[in-house]
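Below, each chain spelled out in residue letters.
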Amino acid sequence: MPAVIVPNMETLHPTAKLMHGLQFAASKHRTQLRKDNETPYINHPINVATILAVEGGISDENVLIAALLHDTVEDTDTTFEEIEQHFGEDICAIVREVTDDKTLEKQERKRLQIEHAASSSENAKLVKLADKLDNLRDLGRKAPIGWTPERQEQYYVWAKKVVDNMRGTNVELERELDEIFKAKKLL
Ligand SMILES: Nc1nc2c(ncn2[C@@H]2O[C@H](COP(=O)(O)OP(=O)(O)O)[C@@H](OP(=O)(O)OP(=O)(O)O)[C@H]2O)c(=O)[nH]1
Ligand SMILES: [Mn+2]
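None of these values were measured; they are calculated from a predicted model. (Residues numbered from 1 in each chain as written. Chains lettered and ligands numbered in written order. Predicted model: local features only at pLDDT ≥ 70, side-chain atom pairs only at ≥ 80, totals over all residues. Heavy atoms only, no water.)

Draft legend 1. Local environment of the packing of aromatic side chains. In total, this model carries three aromatic pairs according to the counting rule given. Measuring from centroid to centroid gives 5.3 Å for F24 and F87, while their planes differ by 90 degrees, and the two rings are edge-to-face. Of this pair, F24 sits in helix α1 (residues 14-28) while F87 sits in helix α5 (residues 80-87), and the two are 63 residues apart along the sequence. As far as burial versus exposure is concerned, F24 and F87 are alike and both buried. (Phe/Tyr/Trp six-rings, centres within 6.5 Å; stacked < 30°, edge-to-face > 60°. Helix = DSSP H or I, 4+ residues; strand = E, 2+ residues; numbered from the N terminus. Buried < 20%, exposed > 50% of the residue type's maximum accessible area, 1.4 Å probe, protein only.)

Draft legend 2. Region of the structure containing the site of ligand 1. Taken together, 22 residues sit near ligand 1, with K35, K106, D131, R151 and Y155 positioned nearest. Here K35 contributes a side-chain N or O atom positioned 2.6 Å from an oxygen atom of ligand 1. One of the side-chain N or O atoms of Q113 is found 3.2 Å from an oxygen atom in ligand 1. Computed on the free molecule, ligand 1 has an accessible area of 680 Å², of which 93% lies beneath the protein chains in the complex. With respect to the detected pockets, ligand 1 is housed in the largest pocket. At the level of secondary structure, the elements contributing two or more residues to the shell around ligand 1 comprise α7 (106-119), α8 (122-141) and α9 (149-164). With six residues, α8 is the single largest residue contributor to the shell around ligand 1. (Near = heavy atom within 4 Å. Polar contact = N/O pair within 3.5 Å; in protein donor to acceptor, adjacent residues only side chain to side chain. Areas by Shrake-Rupley, 256 points an atom, 1.4 Å probe, with all protein chains shown as cover. 1 Å grid on protein atoms, 1.4 Å probe; cavity = no way out; pocket = protein on both sides within 12 Å on 5 of 7 lines; lining within 4 Å. Sits in = over half its atoms within 2 Å of the grid points.)

Draft legend 3. Representation of the coordination of the manganese ion (ligand 2) in the model. H44 (NE2), H70 (NE2), D71 (OD) and D131 (OD) make up the full set of protein donors to the manganese ion (ligand 2), lying at 2.2 to 2.4 Å. For the manganese ion (ligand 2), the donor residues sit on a single chain with the sequence spacing H-x25-H-D-x59-D. One end of the pair, H44, is in helix α2 (residues 43-55); the other, D71, is in the loop between α3 (61-69) and α4 (72-75), with 27 residues separating them in the sequence. Each member of the pair, H44 together with D71, is buried. (Donors = N, O, S within 2.8 Å, 3.2 Å for Na, K, Ca; no water.)

Draft legend 4. Molecular detail of α1. For α1, spanning 15 residues, the distance from its first C-alpha to its last is 21 Å, which sits close to the expected 21 Å at 1.5 Å a residue. Inspection of α1 places K17, H20, G21, F24, A25, S27 and K28 among the buried residues, and these make up the whole buried set. Down the axis of α1, the buried set is contained in an arc of 160 degrees. They therefore lie on one face. Considering only its buried residues, α1 is in contact with α3, α4 and α5. (Expected span 1.5 Å × (residues − 1). Arc of directions from axis to C-beta. Contact = heavy atoms within 4.5 Å.)

Draft legend 5. Spatial organisation of the pattern of salt bridges. As enumerated under the stated definition, the model contains 19 salt bridges in all. When the shortest N-O distance is used, the salt bridge between R111 and E108 registers 3.1 Å. Highlighted residues: R111 and E108, both in helix α7, separated by three residues, approximately one helical turn. Accessibility expressed as a relative area gives 40% for R111, which makes it partly exposed. E108 sits in the partly exposed class, given a relative accessible area of 30%. Among the ionic contacts, a cluster of salt bridges with common partners joins K160, D164, R167 and D178. (Salt bridge = Lys/Arg side-chain N within 4 Å of Asp/Glu carboxyl O.)

Draft legend 6. Examining the layout of surface pockets more closely. If you add up the space inside the largest pocket, you get close to 1,100 Å³. Lining the largest pocket are 43 residues, and of these K35, K110, N135, W147 and Y155 sit closest to its centre. Contributing elements (two or more residues each) for the lining of the largest pocket: α2, α4, α7, α8 and α9. Each pocket or cavity is described by its volume, and for the second largest pocket that value is around 280 Å³. What lines the second largest pocket is a set of 17 residues, among which E97, T99, D100, L112 and H116 lie closest to the centre. At the level of elements, α6 (89-97), α7 and α8 are the ones that each hand at least two residues to the lining of the second largest pocket. The leading source of residues in the lining of the second largest pocket is α7, at six residues. When the residues that make up the lining of the second largest pocket are grouped by side-chain class, the tally is six nonpolar, five polar and six charged. (Points joined across faces, edges and corners; volume = space filled by probe spheres on them. Nonpolar A, V, L, I, M, F, W, Y, C, P; charged D, E, K, R; others polar.)

Here is the structure:
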């Protein structure tokens, strides 16, 4: 696996920056599958960035690149220093905001996501809304291996609490999320 080259981001055009984000994330997640045990993990960050661009109408490349990178620190050996070196401090700041501290107990991590959602920056809220939308769509298609119906139900209830703390961020994404919550009789 060749090392990913660190480009000079100042001189890259927006499409090249986006491609570098895609390559970096694909390289970092290359051995991972989603919890359905069949989908390559990278499909999820690509979906999150695509949801933002196509459904959310977001054109700010920092937000789209942060979406591609959003699970690299949480779920691979990637460090924030590496993200900053490759993509600069603005993108790194968004990734930092949406990264769970995996050293904490799961219940505490889940509680903190609800709490942090409310005080997040607009850009972090956008990434988090698209992240939840893609995870909920995945759950509706095929549940992670071993998840009971109760565990699935709990995920919808928890995801709604996170989303409720980010309302007023993006009309289209919130509309899509609300359709899912209505179908589950949570709204
Ligand atoms: N629905 C679904 N989720 C999957 C799948 N594969 C991996 N995941 C991830 O699993 C997380 C939910 O699983 P949990 O057991 O509740 O949480 P944990 O992995 O953080 O311990 C989601 O994270 P999250 O905290 O909600 O968001 P984030 O980590 O993506 O920020 C999601 O990213 C899949 O096939 N379907
Ligand atoms: Mn995610």
